[in-house]
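Descriptive structure summary
The residues making up each chain are set out below.
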Amino acid sequence: MLKLFRQARLGKLKVLLLIVFITLQIAGTMYLPRLTARIINNGVMMGDRDYVLSVGALMLGVAILSGIASVLGTYYSAWVATLFAKNTRKRLFEHTQQLSYQDFGHFSSSSLITRATNDIEQLQTTLSMTFEMLLPAPFVLVVGLILSFRSDPYMALILLISSVLLLVVAGLVAARVFPLFSEIQKGLDKINDRVAQFISGIRVVRAFNRTTLERESMDTSFKRFAGLNIRINRIFAAIMPVVMLFMSLGTVAIVWFGGIRVNSGDMQIGDITAVLEYGMNILMYVLMAVFVGIYIPRAKVCAARIREVLEYNPEITDGTAHIKDGTKLELSFKDVSFRYKDAENPVLHNLNFECEAGTTTAIIGGTGSGKSTIARLIPRLLDTTSGEIMLNGINIKDLPQRELRAKIGFVPQRAFLFSGTIADNLRHGNKDATLEDMQQAVHIAQAEDFIDEREDQFEAEVVQSGRNFSGGQRQRLSIARMLMKKPDIYIFDDSFSALDLKTDAALRRALKEVTQDSIVITVAQRITTIMDADQILVVDEGEIVGRGTHKALLENCEVYLEIAKSQLSEEELTNELGK
């Protein structure tokens, strides 16, 4: 927790003001009992009205200043705690942006959401309470005991015993609830994960008539989470009467033994009142410290979970080399192999091929052959296990990721749209795009028809994940978004699969005009999508088993011929072979 606090880059002035106002509050709180003793001993007991009024006026001034300091201390503690949460959440988000596709396998998305929201919120609340309740407690305890000792050593001993007992109780409770808080945060992860799966897969759940079973499964998670919270609340419910008992016994002991000391002439009545006030202040601050201390184990668990993410070293790091802008690019794979973490066998084996500007390279193969993995390696969404991917003779690992990806336009296999408007989504490719730029992009992507049909056109709403668009519409909008970027390398990862043949052909014809000076890499399942490619790579079980043009592969690649037979009619295949 302290390490996170130091790294949060909080304003030193605000922290200093917080310390000053808390100190003034403590000073005023501990000075008032002394003034009370003076009024009783030297004013009330002596019948000196003027003394009572003068010291009373001083007490009023101290109380007002202490109240102002308390208000300002609360304000700055909330300010510092909120700034801590903001900066920590920002650091956490920025760090997750550096994680690779495989790194996200180490942290589930639901867990990252919980850490960025609930965990940081727990830390913020605990930090604010720590400034207001926990930090003043040791000073109030020490100063109160010293001042009580000056009034009467025996009274100070009663306060010390009561405070120690409260701290022992707090320690026992903390040791009991610490593992429970750890289970609670993990339980939140599981609940978020199950709810997210249920919502995203609701159509599958209903199609298989599993709504009741899924509800029962989720109820099990909810009941377990509720059970953990009930156990903690039972501990809290048990501790409060114990704490109040200690406070009451301490007060009774001070009055009882104080009365004996007054009767024996060893104390004055005003000193008993002062010791009672010191005792109430000490026990109240210790009680608040115990209350905050109960939450510190949970905050400690949350801090450990946040640091686990922040201290996780990303698999992919930036290089320092650069490629001169405006130069034509040449991409080459040299003995590239790739293996997923914890996988027994590599997905790709010793791939070698080249792609030049102005050419189209198509990749085709069976399901699980490694086609999409090749596409993800180029923008470094994944990193090669061995071998090199060269861009103009420079290993892409030696390039800054931002510079590399600025040259690449990537349309993923699963078209994804962000909530907002169509224009918002298109501007992900170019934040400064004009209406004319967007119109040109959607024209090439064959998306004009369904955009024009909408009343708001480019300002039409897009719900989360683009669920209010069909699969083909999402693909075309994703392609238009990539076209807005005008990259040097175009990568289509099976991005035409939801399009009908007519739209597919029209889109590819339009693409030729804007990609004639760029590298185009198309991953596809349909042969009709890649027949005109300059080179076609046939991938089978992670290896390139054929390369060449469509006609050449039909003649000399058995795997490609089998794919063609499964997709083309006998007449079409005969015509292709006869050309």
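Residues numbered from 1 in each chain as written. Predicted model: local features only at pLDDT ≥ 70, side-chain atom pairs only at ≥ 80, totals over all residues. Heavy atoms only, no water.

Some words on the pairing of strand 12 (residues 543-548)
Looking down a regular strand, the side chains alternate between one sheet face and the other. By the bridge criterion, five bridges tie strand 11 (residues 535-540) to strand 12 in an arrangement that is antiparallel. Counted as the bridge partner of Val538 is Gly546 from strand 12. Counted between consecutive antiparallel strands, the loop separating strand 11 from strand 12 contains two residues, among which Glu541 sits at a positive phi close to 55 degrees. (Pairing = 2+ DSSP bridges. Helix = DSSP H or I, 4+ residues; strand = E, 2+ residues; numbered from the N terminus.)

Topic: the sheet that holds strand 6 (residues 408-411)
Read from one edge of the open sheet, six strands run 6-9-10-3-11-12, paired in mixed fashion. Of all strands in the sheet, those with a lone pairing partner are strand 6 and strand 12, marking the two edges. Pairs of neighbouring strands in the sheet enclose a mean axial angle of 15 degrees, with direction left out of account. Taken together, the five bridges between strand 9 (residues 489-493) and strand 10 (residues 519-524) define a ladder with parallel strand orientation. Across the sheet, Ile491 pairs through a bridge with Ile521, a residue of strand 10. (Axes fitted to C-alpha atoms, helices over the stretch in contact; angles between N-to-C directions.)

Brief notes about the side chain of Ser372
You can see Ser372 is positioned in helix 10 (residues 371-377). The exposure class of Ser372 is buried, given its relative accessible area of 14%. When sequence neighbours within four positions are dropped, the list of residues in contact with Ser372 reads Gln413, Asp493 and Val523. (Buried < 20%, exposed > 50% of the residue type's maximum accessible area, 1.4 Å probe, protein only. Contact = heavy atoms within 4.5 Å.)

Observations concerning the confidence of the model for the protein
Low pLDDT marks stretches whose predicted atomic positions should not be read closely. Here the protein averages 82 in pLDDT, and 97% of its residues register 70 or above. Within the protein, helix 20 (residues 570-578) has the poorest average pLDDT of any element, 68, and strand 1 (residues 330-338) the best, 91. (pLDDT = per-residue confidence, 0-100.)

With respect to the side chain of Ser518
By the secondary structure assignment, Ser518 is in the loop between helix 16 (501-514) and strand 10. Setting aside residues no more than four positions away along its own chain, Ser518 makes contact with Glu356, Ala357, Gly358, Thr359, Pro487, Asp488 and Tyr490.

Some thoughts on unusual backbone geometry
Phi angles above zero are rare outside glycine, and Arg380 is one such case at about 60 degrees. Tracing the sequence through the fold places Arg380 in the loop between helix 10 and strand 4 (386-391). With a phi angle near 50 degrees, Gln457 is a residue other than glycine that sits in the positive phi range. Within the secondary structure, Gln457 is located in the loop between helix 14 (448-452) and strand 8 (461-462). Of the residues examined, Gln457 reaches a relative accessible area of 35% and is grouped as partly exposed.

A look at the packing of aromatic side chains
This structure, assessed with the given rule, holds eight aromatic pairs. Plain terms: the ring middles of Phe21 and Tyr76 are 5.8 Å apart, the flat faces sit at 10 degrees to each other, and that makes the pair stacked. Within this pair, whereas Phe21 is found in helix 2 (residues 12-44), its partner Tyr76 is found in helix 3 (residues 49-96), the two being separated by 55 residues in sequence. The class for Phe21 is buried, based on a relative accessible area of 16%. Residue classification places Tyr76 among the buried positions, given a relative accessible area of 14%. Considering the side-chain rings of Phe333 and Phe353, the 4.3 Å spacing of their centres and the 20 degrees angle between planes classify their relative orientation as stacked. In this pair, Phe333 is assigned in strand 1 and Phe353 in strand 2 (residues 348-356), connecting sequence segments 20 residues apart. Under the relative-accessibility criterion, Phe333 is labelled buried at 2%. (Phe/Tyr/Trp six-rings, centres within 6.5 Å; stacked < 30°, edge-to-face > 60°.)

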